[in-house]
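This is what each chain is made of:
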Amino acid sequence: MSLLDRVLGTRALSAMGEGVQFAFARPIPPWAWVVVLLLASGLGWWSYRRLPGPRAARLALASFRAALLVALVVLISGPQLVRPNERVERDWVLVLVDRSASLTIADAPAPGAPTTRERELRDAIAKGWPVFEGLAKDRTVQWLGFDAGVRDLSRGEGGEVDLGEPAGRRTALGESLSQALSRAAARPLAGVVVFSDGRSIDEPGRAALRRLQTDKVPVFTIPLGSDRPVTDLGVRQATAPSMAFLDDTVPVEVELERLGEGGGAGSGGVVQLVDRLTGAIVDERPVPAEGWADQRARVTLTSRPKAPGSLAWIVRVVPAGADLIPDNNQAALAVEIVDRPLRVAYFDGYPRWEYRYLKDLLVREKSIESAIMLLASNRRYIQEGDVTLDALPRSPEEWARFDAIVLGDLPGSLFSRDQLEQVRDLVATRGAGLLWIGGTGSTPGAWRDTPLADLVPFFLGAAAPAGVGVALYDEPVVMAPTPAADRLNILRLGDGPDDPWPARLRDPSAGWSLLRAAQRITPDQVKPGAEVLATFSPVSRLGDPAAATPAVLSMRYGAGRVLYVATDETWRWRYARGEILSERFWLPLIRLQGRESLSRASRPATIEAFPRRGVVGQAVRLVVTLLDQSLIDRAPAGLTLRARRQSGEDAPVPLTLAPEDGPRAGGPGGGVVGSRGARSFATSWTPTEPGTYRVEAADAFLSSVGLSATVEVGLADDELRHPDADHPMLARLSEQTGGKVLAASQVSALPDLLPRRERRIVGTPDVETLWDKPFVLALLVMLLTLEWVLRRLIHLT
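Owing to the predicted nature of the structure, the values given are computational and were not obtained by experimental measurement. Each chain has its residues counted from 1, following the order in which its sequence is written. Reporting of local features is limited, given that this is a predicted model, to residues whose pLDDT is at least 70; pairs of side-chain atoms are given and counted only at 80 or more, and all residues count toward the totals for whole chains, interfaces and linings. To get the side-chain values, all heavy atoms of the structure are used, and hydrogens and water are removed first.

**Student:** Explain the overall build of the protein chain to me, using residue names and the numbers behind them.
**Tutor:** Helix and strand counts for the protein chain stand at 16 helices and 37 strands. Looking at the protein chain as a whole, 48% of its 797 residues qualify as buried. Counting only contacts in the protein chain whose residues sit at least 6 apart along the sequence, the fraction spanning at least 24 positions is 75%. For the accessible areas, the method is Shrake-Rupley and the probe is 1.4 Å, while residue cover comes only from the protein chains on display. About 37,000 Å² of surface is accessible on the protein chain, with carbon and sulfur atoms providing 53% of the total. Only DSSP runs of H or I covering at least 4 residues are called helices, and only runs of E covering at least 2 are called strands; the numbering of each starts at the N terminus. For every residue, the accessible area (1.4 Å probe, protein chains only) is compared with the maximum for its type, and the residue is labelled buried under 20%, exposed over 50%, or partly exposed between those bounds. Contacts between residues were defined by any pair of non-hydrogen atoms, one from each residue, lying within 4.5 Å.

Structural data, given as structure tokens:
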């Protein structure tokens, strides 16, 4: 504490402190002080001008009196020490650095060969580092990395920014910019610098742009990568039957995709089917030069396995030129090879109840040789019956082995166009029959654009509903035959000629006679050459002919006949008289058309993933079905699988499967026991990372079965599917905010382009009053004492 502070008696503030000023709480203008001095001087002189005594003494007394009056005015004005609280807040500069995987694409211009965008970014930051260090001296420079969102970039020991590896599989520049602005909320923001290739799933939103424009915050963008369209050749997907038969040709359909807008660039090379265990090339085909549509083309590879068991294959494309994205060059497949012949005749899409009972009916019927195949969209199939096939018929001769083809609820895309044309010719020229069994999934809508569309006995107009292709009843219906059925001697379900159609089948009160899922085919949809063999009547309008719609239709096509049954609910009739009504309904129809059956796969258990190509964050349903009776008898209450990503060091994910519909009756374990004894366990798994996962049994109970499935998991918006840089988007962002697009070599211009936005913040000043200090009282007492003493000396008192 200084001597002056001791004299003044200050504590909070020092009179000699930095920034401390003397001031008045009630300041008086300078002219008023002149008046005060004059009045005080005049009043002091007036007080002593007529009193006796020496002139000099009276002048001194007048001075003491004037000083006392001035001191009182000073005290009234409130003398005090004041230290203003004012500080300067630095303005901010946000530097956003793209850390997405698209920076691994090698299309950035460089001497010699193009380099990666990541290399271009690091070189630009290294060359411009002195500029950013200069900005950081009087500004706050915030380094942020971004892909799907923003994150702080750490600093090294020398202060340099640690960028890390570009690993983000999606970039949201708009969302990242919004998050960055939120971090700088209420800060004086001078500008935003963005290092990016511009590839993003979104653009800056209105709110972010409005703030940037309102606050006049410019965005300076440094584009990375090539401004010309680029192209990468990759494998979009590869599909093969999940099961195949020994010594059969297994087709592997590969869909190639050209990524980017580079046109025809990137063609050439070969597509290979490789054994994952041995590395041997099983088959290879050249990348097609023609036949590309929507940047996609298909190549079919084949293999004829010579031994049963599980096969692990890799489909890979080897481009002829530079490869921009190595990660999308291959796809994994797993195929189970079964040592038994392939048998096909009746095709259906899923084991619905109608399929189960019709299949059993065909197997029991000694007069029918049948081949039945259950197909799925992933080319999986199951067979049962007494006729086996080496492969799906691929020639007219192979189809000619059948008198009839039955197509259930499945899409036509499961067959090649050649195969469907052969079926059409089989009906038209060889007189075979075709029986359609409609459902609620694909038939007939999924056949609209196939060669068999002409064999559907009603029109599938452009306005038909999506999916199944026809409207469905929203209430139960009953079926009844028409006179046309009598002419064909079919649909006679009664016990004799006098009772061709039992009355109880028309009676909705019976309950079991109600068909609860039926297609509503309007009469004006029926083709001119078709005839209606049976109709549906909704229960709400029984007896109204106008409400009846076709239930069974027949149509001649060339030398053959087509039948269409618009329901898969006749299995409900079993509740009345067992199998009799079903046999009387189906067997005449099938005898009219042909014969078929399906042989079920002999594997003891299956594991299925729905879908086989998953998406991060979306559930994948895993189902284990026990088919072998010995496994069914020993099945526990639950099963355990493990899913392991084949690339990386991730720990396997345990998955617990529960019975689909609860525990079985009379058994120790759980699981659903179907009509043929199969038991199913299921769970849902949500993958969190992209990659190829192998799902296999973790229980000792299934260790000898060798159950496994492969699931491909990708990102819904994986930016590597779009390798082109989007420089125009970056230019729009700079233009909309008053910024500028800078080349990587122009980073040094930033200090001249960034505005100054620092703020001076004035707070409540620190004040210490002086009028109430002891020295003030001492001063007043001293003046009064001096005046009194002098008066005594000249004998005025």
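Once you've had a look at it, read on.
**Student:** I'd love a proper account of the packing of aromatic side chains, names of residues and values included.
**Tutor:** For any two aromatic rings, the description comes down to two numbers: the centre-to-centre distance and the angle of the planes. Ring pairs are drawn from Phe, Tyr and Trp, using the six-membered ring of Trp, whenever the two centres fall within 6.5 Å, and their geometry is named by plane angle: stacked under 30 degrees, edge-to-face over 60, tilted for the rest. By the definition in use, this model includes 20 aromatic pairs. When the ring of Phe-24 is compared with that of Trp-33, the centres are 5.6 Å apart and the planes differ by 40°; the resulting orientation is tilted. Judged by relative accessible area, Phe-24 falls into the partly exposed class, the value being 24%. Relative to Tyr-693, the ring of Trp-685 has its centre 5.0 Å away and its plane inclined at 75°; by these criteria the two rings are edge-to-face.

**Student:** Quick rundown of the packing of helix α2 (residues 30-48) against helix α3 (residues 55-77)? Include the residues and the values.
**Tutor:** At their nearest, the axes of α2 and α3 sit 8 Å apart, and the two run at 140° to each other. Here α3 runs oblique to α2, going by the angle between their axes. Relative to α3, the crossing made by α2 is right-handed. Here Trp-33, Val-36, Leu-37, Ala-40, Ser-41, Leu-43, Gly-44, Trp-45, Ser-47 and Tyr-48 of α2 lie close against α3, whose contacting residues are Arg-55, Arg-58, Leu-59, Leu-61, Ala-62, Arg-65, Ala-66, Leu-69, Val-70, Val-73, Val-74 and Ser-77. Its residues assigned to classes, the contact of α2 with α3 comprises 15 nonpolar, 4 polar and 3 charged. Here an axis means a line fitted to C-alpha atoms, over the contact stretch when the element is a helix, while the angle between two N-to-C directions is reported on a 0 to 180 degree scale. Roughly parallel means an angle under 35 degrees; roughly antiparallel means over 145; roughly perpendicular covers 65 to 115; every other angle is labelled oblique. Handedness of each helix crossing follows the sense of rotation of the near helix against the far helix: counterclockwise by less than a right angle gives left-handed, clockwise gives right-handed. Amino acids are sorted into nonpolar (Ala, Val, Leu, Ile, Met, Phe, Trp, Tyr, Cys and Pro), charged (Asp, Glu, Lys and Arg) and polar (every other residue, Gly among them).

**Student:** How would you sum up empty space enclosed by the protein? Please name residues and give values.
**Tutor:** Whether a set of points on the 1 Å grid over the protein atoms alone is a cavity depends on a 1.4 Å probe fitting there but being unable to get out, while an open set qualifies as a pocket with protein on both sides within 12 Å along at least five of seven lines; lining residues are those with an atom within 4 Å of a point. Grid points are joined across faces, edges and corners, and a volume is the space filled by probe spheres set on the points. Counted by the stated rule, this structure contains 1 cavity of 30 Å³ or more. By volume, the largest cavity amounts to about 30 Å³. Gly-438, Gly-439, Thr-440, Leu-472, Ala-517, Ala-518, Gln-519, Ala-566, Thr-567 and Asp-568 together form the lining of the largest cavity. Residue composition of the lining of the largest cavity, by class: 4 nonpolar, 5 polar and 1 charged.

**Student:** Describe the pairing of strand β27 (residues 605-610), naming the residues involved and giving the relevant values.
**Tutor:** Summarising burial for β27: 5 of the 6 residues are buried, a large majority. Pairing between strands is defined by DSSP: at least two bridges between them are needed. Summarising the sheet, β27 and strand β29 (residues 620-626) pair through 6 bridges and their orientation is antiparallel. Of the residues in β29, the one forming a bridge with Glu-608 is Val-623.

**Student:** Would you mind going over the sheet that holds strand β4 (residues 140-146) in detail, with residue names and values included?
**Tutor:** Ordered by their spatial adjacency, 6 strands build an open sheet running β5-β4-β3-β6-β7-β36, and the pairing between neighbours is mixed. Edge positions in the open sheet fall to β5 (150-152) and β36 (740-741), since each of these has one partner strand only. Bridge count for strand β3 (residues 92-98) against β4 is 7 bridges, and the pairing is parallel. Looking across to β4, one finds that Leu-94 is bridged to Gln-142. Sheet contacts for helix α4 (residues 117-138): β3, β4, β6 (189-196) and β7 (219-223); angle to β4, the most-contacted strand, approximately 155°.

**Student:** Any details on the sheet that holds strand β1 (residues 21-24)? Residues and values, ideally.
**Tutor:** Pairing in this open sheet of 3 strands is antiparallel, and the strands run β1-β2-β37 from one edge to the other. Two strands close off the open sheet at either side, each with one partner strand: β1 and β37 (759-769). In this sheet, neighbouring strand axes are inclined to one another by 40° on average, regardless of whether the strands run parallel or antiparallel. Across 4 bridges, the pairing between β1 and strand β2 (residues 79-89) is antiparallel.

**Student:** Any details on the confidence of the model for the protein chain? Residues and values, ideally.
**Tutor:** A residue's pLDDT is the predictor's confidence in that residue, given on a scale from 0 to 100. Per-residue confidence for the protein chain gives a mean pLDDT of 82, with 88% of residues at or over 70. Confidence drops under a pLDDT of 50 for residues 340-344, and excluding neighbours within four residues, the segment shows 37 contacts in the predicted structure.

**Student:** So what about helix α5 (residues 173-183)? Which residues, and what values?
**Tutor:** Of all the positions in α5, only Leu-173, Gly-174, Ser-176, Leu-177, Ala-180 and Leu-181 are classed as buried. One side of α5 carries all its buried residues, which in axial view fall inside an arc of 165°. Lining the buried residues of α5 we find β3, β4, β5, β6, α6 (206-214) and α14 (727-737). Working note: the arc is built from the helix axis to C-beta atom directions.

**Student:** Give me unusual backbone geometry: which residues, what numbers.
**Tutor:** Note that the residue after Thr-443, namely Pro-444, is joined by a cis bond; omega there is 10°. Cis geometry marks the peptide bond from Phe-610 to Pro-611, where omega comes out at -5°. Of note, Pro-611 is situated in the loop between β27 and β28 (613-615). The residue Ala-186 is not glycine, and still its phi comes out positive at about 65°. Position of Ala-186 among the secondary structure elements: in the loop between α5 and β6. Residue Ala-186 is classed as exposed on the basis of its relative accessible area of 66%. Of note, the phi angle at Lys-216 is positive, near 55°, even though the residue is not glycine. Mapping Lys-216 onto the fold places it in the loop between α6 and β7.

**Student:** Residue-level account of the nonpolar core, with values.
**Tutor:** Formed by 73 residues in total, the largest nonpolar core has its most connected members in Met-479, Trp-573, Phe-585 and Trp-586. The element that contributes the greatest number of residues to this core is helix α12 (residues 580-593), accounting for 6 residues. Setting aside residues no more than four positions away along its own chain, Phe-585 makes contact with Met-479, Leu-491, Leu-493, Val-552, Val-565, Thr-570 and Trp-573. Note on terminology: a nonpolar core comprises buried Ala, Val, Leu, Ile, Met, Phe, Trp, Tyr and Cys residues joined through side-chain atoms within 4.5 Å. By size, the runner-up hydrophobic cluster in this structure holds 28 residues, among which are Leu-626, Leu-631, Trp-685 and Ala-709.

**Student:** Before we move on, could you go through helix α16 (residues 774-793) and cite the residues and values that matter?
**Tutor:** Helix length check: α16 (20 residues) gives 28 Å between terminal C-alpha atoms against 28 Å at 1.5 Å per residue, within 8%. Those residues of α16 lying buried are Val-776, Leu-780, Leu-783, Glu-787, Leu-790 and Arg-791. Around the axis of α16, the buried residues are gathered within 110° of arc, so they sit on the same side. Residues of α16 that are exposed and point more than 90 degrees away from the buried face comprise Pro-774, Leu-777 and Leu-793. Just downstream of α16 lies His-795, where phi reads positive at about 65°. Multiplying 1.5 Å by the helix residue count minus one yields the expected span of that helix.

**Student:** Pulling in residues and values, what's your account of the pairing of strand β31 (residues 653-659)?
**Tutor:** For a regular strand, side-chain orientation follows a simple rule: the groups alternate between the two sheet faces. With 5 bridges connecting them, strand β30 (residues 639-645) and β31 associate as antiparallel partners. Pairing of Ala-643 across the sheet is with Val-653, part of β31.

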